[in-house]
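# Fold and contact review
Below, each chain spelled out in residue letters.
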Amino acid sequence: MIARMTEPASTLAAGSVGTIETQYLDLPGPVRLDCGRELHQVRVAYETYGALSSQRDNVILVCHALSGDAHAAGFAKAPPLQGTRDGFGAEDRDGLTGKGLGWWDGMIGPGKAFDTDRFFVVSTNLLGGCRGTTGPSSINPATGQPYGPDFPVITVTDMVRTERAFLDALGIERLAAVAGGSLGGMQAFEWAILFPDQVDAVVAIASTHALQPQGVAWNAIARDAIMRDPAWQGGRYYGTGRAPQAGMGVARMVGHITYLSALALTERFGRRLQFADDLRYTITEPEFAIESYLRHQADSFVRRFDANTYLYLSRALTYFDLGRQYGGGSLTRALEGVSARTLLIAFSSDWLYPPSASREMQEALRAAGKPAEFHVIDAPYGHDCFLLEEARQIPIIRQFLVQRGPS
């Protein structure tokens, strides 16, 4: 069943898709994985916004980053205790409404980048997730217990195969566009390669064809922080009353710092003390505002995210390498079968997914004879710019989609 928004358009706030309830779909068959295994009884959490055209040719699939979920736009019918919009500047941006807002609400809706007056936008929680789609915290049908470490190692390709099977179940064959930032952009690239005749356009923001060694290293540190926490218990912590919250908190701190730039941290926090006018001479308590902020981020994150899911998704994005997977080491060869138009957006201060990676993608696409448009937005917030600089992305994306979109 294709879910629609739960309020009539006349009652919605301007630019909003309204109040949304996440839906769930059980795939009719197993999902084949790169590791050689199959996953049975896969459930996908999803939301939709806008109206599906009679020709079913106006669908945009939105793919989320590591810590996102299916709730991409509008107000959650049942707001969670901890929302996904908990990153840099979230409280300043969202006020008291942030916990119920979709993670890309500024980009999806009437008149926005992904205009729901023209497009039918679909957002799913990816395979391996912990917000409704089958992942390590889900029940293994073979045992009746949570998968934990028995969940198979997955790849971005596996995520896209799951999305394809999900859309098949909805009766959607072709996509006007696949869009996402960070890990979401990786999924968009995979779509263009795996299903070239089914994707008209790709919108990849702050993404890459392969994570750079420094990014691989930071992800390794984050995973080790979780696995070295005694409460991880080899991944079998479900139902024990103990979870690796300390390790997960450190992983979130590490990850969050990689999403920001030095300039953003300096401007926001500097060396400002948090609780006193002078040093308190303490080892265990935060002295500086940045230390307190990171603890707050850690505490918020561990209340909404599963540690095993973090391990699996982090590993998947480090495996991602289009040149190795599809081109024998050549990115240009990997992209030879792509038929979609591609829009690449990067941010000047993003050192985790730097503009040079998007430039390499554009050059490889053009070398393969494929159309590719590339924009670098000068902004100070690092990788988080793809969530914070929505207003500057909207006209770029709208113009790109209007070039060859449904009327």
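I will try to describe carefully the structure that is included in this document. Computed from a predicted structure; not experimentally measured.

With that settled, the discussion passes to the nonpolar core. Among the nonpolar cores identified, the biggest contains 72 residues, and Phe166, Trp191, Tyr310 and Leu335 are the most heavily contacted of them. By size, the runner-up hydrophobic cluster in this structure holds 35 residues, among which are Phe119, Ile205, Ile345 and Cys385.

Take the pattern of salt bridges next. In the structure shown here, the tally under the stated rule is 13 salt bridges. One salt bridge connects Asp200 with Arg174, and the closest N-O pair in it is separated by 2.6 Å. One end of the pair, Asp200, is in the loop between helix H3 (183-194) and strand S14 (201-205); the other, Arg174, is in the loop between helix H2 (156-170) and strand S13 (177-181), and 26 residues separate them in sequence. Overlapping salt bridges bring together Asp34, Asp158 and Arg161 as one network.

Going through the model one piece at a time under the given rule, you end up with 11 aromatic pairs. Taken together, a centroid distance of 5.5 Å and an interplanar angle of 85° make the contact between Phe151 and Tyr312 edge-to-face. Pair noted here: Phe151 is in the loop between strand S12 (145-146) and H2 and Tyr312 is in helix H8 (residues 307-319), with a separation of 161 residues, a long-range link. Across this residue pair, the class does not change: Phe151 and Tyr312 are buried. For the ring pair Phe301 and Tyr310, a centre distance of 6.0 Å and an interplane angle of 85° mean the geometry is edge-to-face. Both residues of the pair, Phe301 and Tyr310, count as buried. An aromatic cluster is defined as three or more aromatic residues linked by ring pairs; in this entry it consists of Trp103, Trp104 and Phe114. The side chain of Arg341 reaches across the aromatic face of Phe400, ending 4.2 Å from its centre.

Orientation of helix H4 (residues 213-227) relative to H8, taken along the N-to-C sense of each, is 160°, at an axis distance of 10 Å. On the basis of the axis angle, H4 is roughly antiparallel to H8. In this structure, H4 crosses over H8, and the sense of that crossing is left-handed. Every residue of H8 that contacts H4 at Val216, Asn219, Ala222, Arg223, Ile226 and Met227 is listed here: Ala307, Tyr310, Leu311, Ser314, Arg315, Leu317 and Thr318.

This brings us to the pairing of strand S10 (residues 120-124). Among the five residues of S10, five are classified as buried, and the element is accordingly described as predominantly covered. What you see with S10 is no split at all: Phe120, Val122 and Thr124 on one side and Val121 and Ser123 on the other are buried throughout. Bridge count between strand S5 (residues 43-49) and S10: four bridges; the pairing is antiparallel. Pairing of Glu47 across the sheet is with Ser123, part of S10. As paired elements, strand S6 (residues 59-63) and S10 share four bridges and run parallel to each other. The residue of S10 that forms the bridge with Ile60 is Val121.

On to the sheet that holds strand S16 (residues 372-377), then. The eight strands are arranged S2-S5-S10-S6-S13-S14-S15-S16 in an open sheet whose pairing can be described as mixed. Either end of the sheet is taken by a strand with one partner, and the two such strands are strand S2 (23-26) and S16. Averaged over neighbouring strand pairs, the angle between their axes works out to 20° when direction is ignored. One ladder, built from four bridges, connects S2 with S5; its direction is antiparallel. By the bridge assignment, Asp26 is partnered in S5 with Arg43. The strands that helix H11 (residues 355-367) touches are strand S15 (341-347) and S16; relative to S16, the one it contacts most, it runs at about 165°. Set on the sheet, helix H13 (residues 390-402) makes contact with S6, S13, S14, S15 and S16; between it and S15 the angle comes to about 170°.

Rules of the game
Residues numbered from 1 in each chain as written. Predicted model: local features only at pLDDT ≥ 70, side-chain atom pairs only at ≥ 80, totals over all residues. Heavy atoms only, no water. Core = buried A, V, L, I, M, F, W, Y, C linked by side-chain atoms within 4.5 Å. Buried < 20%, exposed > 50% of the residue type's maximum accessible area, 1.4 Å probe, protein only. Salt bridge = Lys/Arg side-chain N within 4 Å of Asp/Glu carboxyl O. Helix = DSSP H or I, 4+ residues; strand = E, 2+ residues; numbered from the N terminus. Phe/Tyr/Trp six-rings, centres within 6.5 Å; stacked < 30°, edge-to-face > 60°. Lys NZ or Arg CZ within 6 Å of the ring centre and 35° of its normal. Axes fitted to C-alpha atoms, helices over the stretch in contact; angles between N-to-C directions. Parallel < 35°, antiparallel > 145°, perpendicular 65-115°, else oblique. Left-handed = near helix turned anticlockwise from the far one by under 90°. Contact = heavy atoms within 4.5 Å. Pairing = 2+ DSSP bridges.

Limitation: the analysis is restricted to geometry and does not speak to function.
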